[in-house]
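Residues per chain are reported as follows:
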Amino acid sequence: MSDVEPTEIAAPAPPASTQGQGFDALRALRPEGLSEAGAPAEPQIDARGRAYATGKRKNAIAKVWIKPGSGKITINDRDQTIYFARPVLRMMIAQPLEIAQRASQFDVIVSVQGSGLSGQAGAIRHGIAKALTYYEPGLRPVLKPHGFLTRDSRVVERKKYGRAKARRSFQFSKR
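These numbers come from a predicted model, not from an experiment. (Residues numbered from 1 in each chain as written. Predicted model: local features only at pLDDT ≥ 70, side-chain atom pairs only at ≥ 80, totals over all residues. Heavy atoms only, no water.)

Draft legend 1. Expanded view of the packing of helix 3 (residues 87-99) against helix 4 (residues 117-135). Relative to each other, helix 3 and helix 4 sit at 10°, their axes nearing to 8 Å. Overall, the two elements helix 3 and helix 4 adopt an arrangement that is roughly parallel. You can see that helix 3 and helix 4 cross each other, and the crossing is right-handed. Residues Leu 89, Met 92, Ile 93, Gln 95, Pro 96 and Leu 97 of helix 3 form the contact with helix 4, whose own contacting residues are Leu 117, Ser 118, Ala 121, Gly 122, Ile 124, Arg 125, Ile 128, Ala 129 and Leu 132. The residue inventory of the contact of helix 3 with helix 4, partitioned by class, reads eleven nonpolar, three polar and one charged. (Axes fitted to C-alpha atoms, helices over the stretch in contact; angles between N-to-C directions. Helix = DSSP H or I, 4+ residues; strand = E, 2+ residues; numbered from the N terminus. Parallel < 35°, antiparallel > 145°, perpendicular 65-115°, else oblique. Left-handed = near helix turned anticlockwise from the far one by under 90°. Contact = heavy atoms within 4.5 Å. Nonpolar A, V, L, I, M, F, W, Y, C, P; charged D, E, K, R; others polar.)

Below is the structure:
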């Protein structure tokens with residue numbers, strides 16, 4: 001046969017400093033530039049100095065841009081007091097800014113469509129919270145416990161055939 005002897009190929013041994021340390025060893029192997037939560041450590045800001053995020057709730061989709069400013073919130077080219085006449089909805093969209101103590105530091109520009117006013121307010125709140133974390137990644141631990149970064153997945157249940165609505169039956173008639 002051949003005069004060449006087969007050579008053993010040994011797998012490289014892991015560094016001795018990380019052997020047998022469990023999760024600490026995994027953290028040491030994490031690529032640089034990632035924070036504890038796994039989000040990028042550097043802000044995601046465009047050329048105009050804005051951070052962009054998309055918020056969703058029910059069937060509403062809100063495109064949100066935040067930039068340093070005086071705290072003005074513009075929704076579909078209208079002031080928030082005109083677009084949301086109910087104070088509860090205005091309070092709802094301001095919650096992430098107030099929790100992060102940035103209410104008067106950022107101007108918010110929103111384009112929202114779909115659903116009703118309540119769903120749109122929820123989508124805007126979600127979008128503002130995400131945009132804040134993109135602009136200042138250090139705000140993520142502040143906003144996450146309040147649930148502002150979680151998309152509320154509840155949507156309207158679909159109508160079934162043989163039913164009046166999603167679950168309601170037609171009126172029963174004995175004869």
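Don't stop here, the text continues.
Draft legend 2. Just helix 4, in detail. The end-to-end C-alpha separation of helix 4 is 26 Å, in line with the 27 Å expected for 19 residues at 1.5 Å each. Counting buried positions along helix 4 gives 14 out of 19 residues, so the element sits mostly inside the fold. (Expected span 1.5 Å × (residues − 1). Buried < 20%, exposed > 50% of the residue type's maximum accessible area, 1.4 Å probe, protein only.)

Draft legend 3. Representation of the side chain of Arg 102 in the model. Tracing the sequence through the fold places Arg 102 in the loop between helix 3 and strand 5 (106-113). By relative accessible area, Arg 102 is classed as buried at 18%. Every residue in contact with Arg 102, bar those within four places of it in the chain, is listed here: Leu 97, Glu 136 and Leu 139.

Draft legend 4. Fine view of the packing of aromatic side chains. In this structure the tally under the stated criterion is three aromatic pairs. Ring centres of Tyr 52 and Trp 65 lie 5.1 Å apart, and the angle between their planes is 45°; on these two criteria the pair is classed as tilted. A residue pair is termed long-range when its members are at least 10 positions apart, and Tyr 52 in strand 1 (residues 51-57) and Trp 65 in strand 2 (residues 60-68) qualify at 13 residues. Residue class for Tyr 52 comes out partly exposed when judged on its relative accessible area of 36%. (Phe/Tyr/Trp six-rings, centres within 6.5 Å; stacked < 30°, edge-to-face > 60°.)

Draft legend 5. How the structure looks around the pattern of salt bridges. Under the criterion given, the structure shown has six salt bridges. A salt bridge links Asp 46 to Arg 50, with the nearest nitrogen and oxygen atoms 3.2 Å apart. A salt bridge links Arg 57 to Asp 152, with the shortest nitrogen-to-oxygen separation between them at 3.5 Å. Taken together, the residues Arg 57 in strand 1 and Asp 152 in the segment after helix 5 (140-143) connect sequence positions 95 residues apart. If you follow the salt bridges from partner to partner, you end up with Arg 57, Asp 152 and Arg 154 in one network. (Salt bridge = Lys/Arg side-chain N within 4 Å of Asp/Glu carboxyl O.)

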